[in-house]
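Given next are the chains, with one letter for each unit.
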Amino acid sequence: MIKEKKISRSVRLICSSGLLLGVGMLAQPTFAQEGVQKVEITGSSIKRTETEGVATTQVLSRKDIEQTGKTSIADVVRSISADNNGSISGSSTNGFAGSASGVSLRGLSVSSTLVLINGRRTAPYGFGDDGQRSFVDLNSIPLDAVDRIEILKDGASAIYGSDAIAGVVNVILRQNYVGQSVSANIGQSSRGDGRVSSASAAIGFGNLQQDKYNVFLTIDAKKQEAIWSKDRDDYLGQADARPWGGRDQRAGFITGGNGGGTTFLGTVRPVSATGAAIPGRGIQQLKGTCDPKNLDPLGGNNYDNAGGGCLWDPIQYQAIQPETDNLNLYGRATFAINDQTTAYTELGLFKNRAKTLTTPSALTGPGFDLLHSRVYNTSTGPDQLLLPIGHPDNPYADARARPRWADAARPRTSDLETTVTRFLAGVKGTVAEWDYDAGFLYAESKTDRTQNGYYRQSALKTAMANGSFRIGQNVVNKPEVLALVSPTLYNSGVTKSTSVDFKATRELMQLPGGALGIAIGAEYRKEDTNSDATPYTIDSDIAGLGYSASKGSRNVSALYTELAIPVLKSLEFQAAVRTDKYSDYGRSTTPKLGFKFTPTNTVAFRGTYAEGFRAPSAAENGDSAVAAYTQIGSDPIRCPVTKLTADCSSPSVGAVTLGNKNIKPETSKSYSLGLVVEPVKNFSVSLDWWKIVRDGEISSSDPSAIVNNPKGFPDAQIVRGEATTDFPGLVGPILLVKAPYQNAGKTTTSGLDLDMRYKYDLGANGKINTGLVVTYIDKFTKVDAAGTVFEYAGTHGDTNLSANGGTPRTKVSYSLGWERGPWTFNGNVNYVSSISDTNQIGGDCLDTDTDGKPYFGCRIAAFTTVDIFGKWKMSKNLEFTASITNLFDKMAPLDVQTYGRINYNPSLHQAGAVGRYINLGARYTF
């Protein structure tokens, strides 16, 4: 057995297993003796005593998770300081991966963060983030079955393979449980909404040592009710944020160019025989009544509104928290075949139903017809939707009319049903001094999506031509007409992962510092992806709905080895190398080196160097395409001339990206160097510097970069609409930007992680634990295909990434806890630094008024919340818990740039939209 080095217990814990995020006490020393069980820590395949190793891993115990007061694994993982831009909030329900939740370590996106369950992969979510990035939905992992979470925050491709460029989140489920327990929790916001009710039960029997088996089963059910933005105060509850220094994001403005307002009243504009706007004849609003508060107050300033306008607030259709129902089943059986061999099997089943809602659909919109490789725009131009002369809603006897209208009674809905199945069977034991583990895994994730409220534009043209489809206030179209023009849309996304793996570890020889350990392993995996497109989107026949589809299958085989080399009692090295062969592109070999140096009992140094790669996904190199909508900073041609908000303040454009079968994997190099000090007993400080360089990045269409430097992207295409009548000699507004996926760009990010821990024994008055965790991003630089350098740290950039969440420099978590007898109390302070409302350091403000003045000083404010938790163990069997998140009801900062939600940023400030939230729970153990 490996002999544990005699160093300070805190230093040992920090060096090997990382730092606990909550206020859980530092683990007590485990001195290696014959018979002491060795375990495997994330970041190494070599089994060792619990506190041994080189890799720096942050560990969240079951106790730590409970004391956060959070009710899902997704909320726990996404709250760690290393999570940053690209993280997916389950509240962002309108994207391609609506209602799912993903973690983005170091801000390098969900596709570069590997999520494992019990050290093995699982199937990713059926729909990719932004139609491109593959990720594991954290919502599919049962909270009550979790034993701990280990978060490795440096590159780990040499140990785990592709997807681990930014690090690993390894969720360890219970391995052995005896007893029975039931628990229930109920929570809701202080405003009386967003109720979450959950119940769980666990049963386990059989002692593995005595009975030679253990079987247990957990079941976890949760129902979450919606929280509506309209039920919140100030700018959270209305789109017009001007009273608080923001801009008016209501819909329905009538512009002086070709844009008629999409209002609940409806507007029409006469057009010539060629379909062009007729000079001198403007937009006319259809008959109806408009509440005075919704009359356009700007008339000719922010927008040329000579034709009037009846505004409406899209926030009334926006949910801060979606309605969901979850059911999680997890079971494990372990059988001791003999003293040296154990067989095990796991079965997990996750079911989720989510209901989402968004604004009513417009009648028209631009898109890219992939079948015919052309722009299809029903707003203007030759394909536009028109009311014929004689249509009941066309007031012009001498001209056809260009209609705009939104039906207030028909919001767009999306219902998602996700089923994740995971089956594992394996055997582990010891043969000839080798500890081995071999397993077979099958995992499948399937999401069925049902959408309503969207218009099929070809059918709408037919219904308008024959007069059967009507527009206007209080219009109710016949069911048979709606069935034709607005059919129910069904599509599914399915991913499968089937694998066989084997690994073995042993001690080879004794070195001056201890035993030389070795691990070897092999894996074969088959991955399948089949993400269907929404019907009719391949030819851009659905107004306002993008296209996304991917299909692919590949085989992956891998061999790896690792060495733990204690050359001295104070110095240990780790070396690992892995080679992966992918059937759809080739082979990648990645090494990793690490060291731990402990010159005294109170000081330790550590460091790692790793190379990594990320294989292209089926969405990137398969039969795939994505057509979506995003925002650009401004139109560089129109904005300087028109000065209009529609051209200057984050105009929305289409982004079309096509799969590229010649795409190559991304590669990376990562570095870390750290110092751990325990100057006095029970007080420890660690400081780690890290740097990750990712090259050959697989980039989708970046409209902002392409629009600002079209010559730098020769394979891209910028498509504009017709010129507007108010600026007839100027090019029309941008409709969409089209480009293939490409290996273009390089990202370099670096920063510091600080962790301070202190515990104090008050004797009869209990124990105090306190901790401070800080992550600071010093640099986050991206070089695009054209050679343009962007520095995103501390800004809202990269604006194209996952709901435009931004890259705050600093995230802090401070905890203070007290325990005495049956009582436990804990408080957490969470801080996210402010960000500039720019796409890069020194860049132009993304949101300005007509005079070019930035909104709210071109800055999104910092955000601080306080959470508290308490537990009373009433008896040996019964305990009660209570928690309050966002204790002081802090409101989310105003953010008009993000497209995750209107006026607030769900990626950074979700707790400030939910508000104060109270949760009560009870657990009874039989």
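For the structure, check the block above.
My aim in this report is to walk through the structure given alongside it, one point at a time.

Rules used in this analysis
- Residues numbered from 1 in each chain as written.
- Predicted model: local features only at pLDDT ≥ 70, side-chain atom pairs only at ≥ 80, totals over all residues.
- Heavy atoms only, no water.
- Helix = DSSP H or I, 4+ residues; strand = E, 2+ residues; numbered from the N terminus.
- Buried < 20%, exposed > 50% of the residue type's maximum accessible area, 1.4 Å probe, protein only.
- Arc of directions from axis to C-beta.
- Contact = heavy atoms within 4.5 Å.
- Disulfide = S-S within 2.5 Å.
- Salt bridge = Lys/Arg side-chain N within 4 Å of Asp/Glu carboxyl O.

Concerning unusual backbone geometry
Okay, so step 1: At the junction of G797 and D798, the peptide bond is cis and its omega measures out at -5 degrees in the coordinates.
Okay, so step 2: Within the secondary structure layout, D798 lies in the loop between β35 (789-791) and β36 (810-820).
Okay, so step 3: Despite not being glycine, E433 has its phi angle at roughly 70 degrees, a positive value.
Okay, so step 4: Within the secondary structure, E433 is located in the loop between β17 (411-431) and β18 (434-452).

Considering helix α5 (residues 457-465)
Okay, so step 1: Within α5, the full set of buried residues consists of Q457, A459, L460, A463 and M464. End-on view of α5: buried residues confined to an arc of 150 degrees, all on one side of the axis.
Okay, so step 2: Taken together, the buried residues of α5 touch β15 (374-377), β16 (400-404) and α6 (479-485).
Okay, so step 3: Once α5 ends, the next one or two residues include G467, with phi positive near 80 degrees.

Notes on the state of the cysteines
Okay, so step 1: The tally for this structure, following the rule as stated, stands at three disulfides.
Okay, so step 2: Disulfide pairing places C290 opposite C310 at an S-S distance of 2.1 Å. Handedness of the C290-C310 disulfide follows from its S-S torsion of about 95 degrees: it is right-handed. One end of the pair, C290, is in the loop between β10 (284-285) and β11 (319-321); the other, C310, is in the loop between β10 and β11, and 20 residues separate them in sequence. We note that C290, like C310, is buried.
Okay, so step 3: At a sulfur-sulfur separation of 2.1 Å, the disulfide partner of C639 is C648.

Remarks on the pattern of salt bridges
Okay, so step 1: Taken as a whole, this structure holds 49 salt bridges when the rule is applied.
Okay, so step 2: When the shortest N-O distance is used, the salt bridge between R120 and D437 registers 3.5 Å. Taken as a pair, R120 in the loop between β2 (113-117) and β3 (146-152) and D437 in strand β18 lie far apart in primary sequence, 317 residues in all.
Okay, so step 3: Note on R120: relative accessible area 10%, which makes it buried.
Okay, so step 4: Take D437: its relative accessible area is 15%, and that puts it in the buried class.
Okay, so step 5: Connected through shared salt-bridge partners, E523, R525, E527, R554, R578, D580 and D584 make up one network.

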